[in-house]
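# Structure at a glance
Below, each chain spelled out in residue letters.
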Amino acid sequence: MSKGLPKRSEDYSLWYNELVKRADLAENSPVRGCMVIKPYGYSIWEKMQAELDRMFKETGHTNAYFPLFIPKSFLSKEASHVEGFAKECAVVTHYRLKNAEDGSGVIVDPEAKLEEELIVRPTSETVIWSTYKNWIQSYRDLPLLVNQWANVVRWEMRTRLFLRTTEFLWQEGHTAHATSEEAMAETVQMMNVYAQFAEEFMALPVVKGRKTANERFAGADDTLCIEALMQDGKALQAGTSHFLGQNFAKAFEVKFATKEGGLEYVWGTSWGVSTRLMGALIMAHSDDHGLVLPPKLAPFQVVIVPIYRGEEELALISVKAKEIMADLRKAGISVKYDDRDTQKPGWKFAEYELKGVPVRIALGPRDLENKTLELARRDTLTKESFQWEEMPIAEKIGGLLDEIQEGIYQKAFDFRKENTTEVNSWEEFKQVLEEKAGFLSAHWDGTPETEDKIKELTKATIRCIPLDQVQEPGSCVYSGKPSTGRVLFAKAY
RNA sequence: CGGGGUGUAGCGUAGCCCGGUAUCGCGCCACAUUUGGGAUGUGGAGGUCGUAGGUUCGAAUCCUGCCACCCCGACCA
């Protein structure tokens with residue numbers, strides 16, 4: 001039991017905040033709405049980045065980097081884009097400070113006002129498409145498949161560590177294509193990459209779907225997404241992939257010469273996932289003892305805690321521990337040996353539970369004598385005694401890590417299944433949302449008006465129209481008008 | 001941005017109403033004994049009381065501005 005970690009059942013929100021801080025993932029910074037990602041948290045993000053980056057490259061993308069600042073005039077070139085972002089932009093107006101005359105420190109130098117203000121990027125479509133104009137002349141220049149790892153700023157009213165911060169880290173892919181079909185195929189492909197990453201590495205089951213017009217990205221013709229369900233029954237948008245049509249090509253005059261000698265606007269996509277995935281990872285699996293990490297993303301997968309009395313005993317145990325470490329590392333398993341003499345074993349056990357280390361090995365004099373190890377699983381909190389001779393240690397641990405990865409995925413999957421409810425009447429809709437939450441699968445008449453009304457009345461939004469939606473006749477849960485299939489509603493982060 | 005609340009040592013807090021030496025626990029440092037589920041004892045260090053002003057002989061305490069955080073709303077790809 002971790003000392004004082006709030007329980008999920010009592011205050012989910014507080015539990016989340018405390019967990020993020022106590023597990024050394026991140027903390028609030030002196031800057032409003034901005035967080036410091038601590039080394040332990042950042043190394044999880046680095047693992048995510050590494051896998052995603054590999055997947056992007058496997059699908060033919062290359063990385064590039066565009067400026068942090070965007071001239072104000074760029075943003076307004078795509079009408080719905082600027083409308084969506086204008087209210088949350090940080091703006092640079094001056095380029096110099098000077099000493100205050102009263103000696104009170106530095107002030108903004110009024111002489112140094114910028115001719116044109118610069119926006120700190122909330123996303124990079126505009127600056128990238130203005131660049132693409134120069135890069136694309138012919139169908140031979142297409143497709144253009146670029147990704148950028150960057151930080152962006154969105155001036156949100158209320159922030160929460162990882163889930164919504166003023167500045168956040170993300171990747172944004174921006175591609176240009178000769179045909180609508182090809183751009184749409186790219187949009188679908190990247191949504192699938194995100195889904196695969198979420199399920200395979202984060203052990204997070206996701207629903208692939210399409211956003212309604214209301215929820216669509218500002219400047220997109222179509223937005224695909226992956227949606228995940230958190231333990232408190234709220235949905236979290238984990239990644240989006242946008243079909244931009246020719247909107248940005250038209251706004252920035254990006255045309256290409258076709259094979260047939262014509263001149264046409266380019267088709268675009270953009271897609272992104274952010275440090276919000278960290279929030280999803282934390283909330284999806286963790287418990288009242290602390291973090292539960294999927295082995296594939298844990299900064300280290302195994303920790304060895306020696307149990308000893310005195311230097312001599314530690315020396316003996318260390319010999320065996322180092323042998324185990326070498327075996328594990330050879331098998332590609334990351335391991336930390338915590339032989340600090342400053343904390344007792346019980347303290348370390350609790351600490352690594354809080355930090356979500358998937359497997360813990362305790363090794364003491366008793367084990368040396370009996371040729372055993374104590375293996376503890378973080379996900380189930382169960383312990384077993386393992387005989388050295390039973391099988392090679394790396395094989396045993398490797399199997400355990402696979403089981404844990406699979407186990408926490410299955411647990412999250414079962415949770416989602418249990419918390420996805422088909423509802424068929426307005427009364428039922430309200431009751432289930434109130435008492436059970438989770439995803440509500442319901443018929444919808446397809447109009448933004450109904451969607452808005454439901455949001456206003458219940459705070460639930462349409463998370464997505466699932467791609468595997470079954471075509472079935474029905475009547476809208478709110479308006480009673482005809483519908484052709486169910487969509488997923490939920491309260492969302 | 002509107003309503004409510006909170007800021008006191010690294011963390012959690014008492015004191016504030018009724019102005020006068022800043023409280024306690026955890027953590028930290030030293031030493032000793034300890035080490036198979038968050039050790040014990042003894043000694044010690046650590047404070048611009050969020051911040052800037054004001055009132056006062058004197059402000060953690062009263063007043064004002066500002067900042068940050070939490071809750072509710074609005075906002076939120």
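Looking now at helix α13 (residues 426-435). Among the residues of α13, W426, F429, V432 and L433 are the ones counted as buried. Axial view of α13: buried residues confined to an arc of 135°, hence all on one face. When the buried face of α13 is taken as reference, the exposed residues oriented beyond 90 degrees from it are E427, E434 and E435. If you follow the buried residues of α13, they end up packed against β22 (420-422), β23 (439-443), α14 (448-458) and β27 (486-490). Where α13 ends, the next residue or the one after it, A437, has phi of about 60°, a positive value.

Right, let's talk about the protein's contact with RNA strand B for a bit. As a structural note, the neighbourhood of RNA strand B is formed by 41 residues, with F85, R164, Q237, D367 and K459 the closest of them. If you look at RNA strand B and keep only atoms within 4 Å of the protein, 38% of those are sugar or phosphate atoms. At a separation of 2.3 Å, a base oxygen of RNA strand B approaches a polar side-chain atom of R164. Between RNA strand B and A218, the relevant distance is 3.1 Å, taken from a base nitrogen to a main-chain nitrogen or oxygen of the residue. When residues of the surface near RNA strand B are traced back to their parent elements, those giving at least two are α4 (79-85), β13 (235-245), α10 (345-354), β19 (359-363) and α11 (365-370). Ranked by the residues each element gives to the surface near RNA strand B, the list is headed by α10, at seven residues. Within the surface near RNA strand B, the residues separate by chemical class into 13 nonpolar, eight polar and 20 charged.

One open sheet accounts for five strands, arranged β18-β17-β19-β20-β21; its pairing is mixed. Unpaired on one side and paired on the other, β18 (335-337) and β21 (383-387) mark the two borders of the sheet. In this sheet, adjacent strand axes meet at a mean angle of 25° when their direction is disregarded. Relative to β18, strand β17 (residues 302-306) runs parallel, the two being bridged by three bridges. In the sheet register, V302 faces β18, and the bridge partner there is V335. Contacts from α10 reach β17, β18 and β19 within the one sheet, and its direction differs from that of β17 by about 170°. Packed onto the sheet, helix α12 (residues 393-418) meets β17, β19, β20 (372-377) and β21 and runs at close to 15° relative to β20.

Bringing the packing of helix α2 (residues 39-58) against helix α8 (residues 276-285) into the picture now. Axis separation between α2 and α8 bottoms out at 10 Å; the angle between their running directions is 110°. Comparing their axes, α8 and α2 come out roughly perpendicular. Packed against α2, whose contacting residues are G41, I44, W45, M48 and L52, the element α8 presents L277, M278 and L281 at the interface.

Let us look at the domain arrangement of chain A. Much of the literature gives interface size as the accessible area that the parts lose upon coming together. According to the domain assignment, chain A contains domain 1 (12-90 + 121-285), domain 2 (302-400) and domain 3 (421-490). For domain 2 versus domain 3, the distance between C-alpha centres works out to 50 Å.

To continue, consider the nonpolar core. Buried together is how nonpolar side chains tend to be arranged in soluble globular proteins. Residues L25, M48, F162, M202, L204 and M230 are the most contacted members of the largest nonpolar core, which totals 61 residues. Inspection of this core shows a minimum of three residues originating in each of domain 1 (12-90 + 121-285) and domain 2 (302-400). Among residues more than four places away in sequence, those in contact with L204 are A198, E199, A228, M230, A280, A284, H285 and Y409. F66, W129, L244 and F252 belong to the second-largest nonpolar core, a separate cluster that totals 26 residues.

Let us now look at the pairing of β20. The element β20 is extensively covered by neighbouring structure, given that five of its six residues are classed as buried. In terms of strand pairing, β19 meets β20 through four bridges, oriented antiparallel. Bridge pairing links R360 to A376 in β20.

Another aspect to go through is a nonpolar patch on the surface. On the surface, L97, V106 and V108 cluster together into a nonpolar patch covering about 280 Å² of accessible area. Within the fold, V106 resides in strand β7 (residues 106-108). Accessibility expressed as a relative area gives 54% for V106, which makes it exposed.

Moving on, we come to the packing of aromatic side chains. A full pass over the atoms with the stated rule returns 20 aromatic pairs. Ring centres of F74 and F252 lie 6.1 Å apart, and the angle between their planes is 65°; this geometry places the pair in the edge-to-face category. In this pair, F74 is assigned in helix α3 (residues 72-75) and F252 in the loop between α7 (247-251) and β14 (255-257), connecting sequence segments 178 residues apart. Per residue, the accessibility class of F74 equals that of F252, and both read buried. Over the ring of F201 we find K296, and its NZ or CZ is 5.2 Å from the ring centre.

Attention now moves to the sheet that holds strand β4 (residues 69-71). Taken together, three strands build an open sheet; the order of strands is β4-β8-β5 and the sheet is antiparallel. Across the chains shown, the open sheet's two edge strands, defined by having one partner strand only, are β4 and β5 (91-94). Between one strand and the next, the sheet's axes are offset by a mean angle of 40°, whatever the strand orientation. Relative to strand β8 (residues 113-120), β5 runs antiparallel, the two sharing three bridges.

Time to look at the environment of M184. By the secondary structure assignment, M184 is in helix α6 (residues 180-200). Each C-alpha atom of the pair M184 and C34 lies 35 Å from the other, and the pair is 150 residues apart in sequence. With residues up to four places along the chain from it excluded, the contact list for M184 reads R210, D222, L224 and F243.

Reading the values: the criteria
- Along every chain, residues carry numbers that run from 1 in the direction the sequence is written.
- To read the labels, note that chains go from A and ligands from 1, taken in the order they are written.
- Whole-chain, interface and lining totals are the exception, using all residues; otherwise, since this is a predicted model, local features are given only for residues with pLDDT of at least 70 and side-chain atom pairs are given and counted only at 80 or more.
- Only hydrogens and water are set aside; all other atoms, that is, all heavy atoms of the structure, feed into the side-chain values.
- Burial status follows relative accessibility: with a 1.4 Å probe on protein chains alone, a residue under 20% of its type maximum counts as buried, one over 50% as exposed, and anything between as partly exposed.
- Helix and strand assignments come from DSSP, with helices taken as H or I runs of at least 4 residues and strands as E runs of at least 2, each series counted from the N terminus.
- Read the arc as the range of directions from the helix axis to the C-beta atoms.
- Residue contacts are defined here by distance: any two heavy atoms, one from each residue, within 4.5 Å place the two residues in contact.
- Throughout this document, a residue counts as near a molecule or strand when at least one of its heavy atoms sits within 4 Å of that molecule or strand.
- By the criterion applied in these results, polar contacts are pairs of N or O atoms within 3.5 Å in which, for protein atoms, one can donate a hydrogen and the other can accept it, and in which residues neighboring in sequence qualify only through two side-chain atoms.
- Under this grouping Gly is polar, as are all residues other than the nonpolar Ala, Val, Leu, Ile, Met, Phe, Trp, Tyr, Cys and Pro and the charged Asp, Glu, Lys and Arg.
- Strand pairing is assigned whenever DSSP identifies at least 2 bridges connecting the two strands.
- Every axis corresponds to a line fitted to the C-alpha atoms, with the helix fit spanning only the stretch in contact, and the corresponding angles, defined between N-to-C directions, vary from 0 to 180 degrees.
- Here roughly perpendicular refers to angles of 65 to 115 degrees, roughly parallel to angles under 35, roughly antiparallel to angles over 145, and oblique to all remaining angles.
- What fixes the domain bounds is an automatic or database domain assignment.
- Throughout, nonpolar core names a set of buried Ala, Val, Leu, Ile, Met, Phe, Trp, Tyr and Cys residues whose side chains join them through atoms within 4.5 Å.
- Note that patches include only residues with greater than 30% relative accessible area and no salt bridge, and the join distances are 9 Å for like charges and 5 Å for nonpolar side chains (Val, Leu, Ile, Met, Phe, Trp, Tyr).
- Surface exposure here means Shrake-Rupley accessible area, sampled with a 1.4 Å probe, where a residue is shielded only by the protein chains that are shown.
- One side-chain nitrogen of Lys or Arg within 4 Å of one carboxyl oxygen of Asp or Glu is enough to make a salt bridge.
- Think of it this way: a Phe, Tyr or Trp ring, Trp meaning its six-membered ring, pairs with another when their centres are within 6.5 Å, and the plane angle makes it stacked under 30 degrees, edge-to-face over 60, tilted otherwise.
- Throughout this description, the term charge over a ring refers to an Arg CZ or Lys NZ atom that lies within 6 Å of the ring centre and within 35 degrees of the ring normal.

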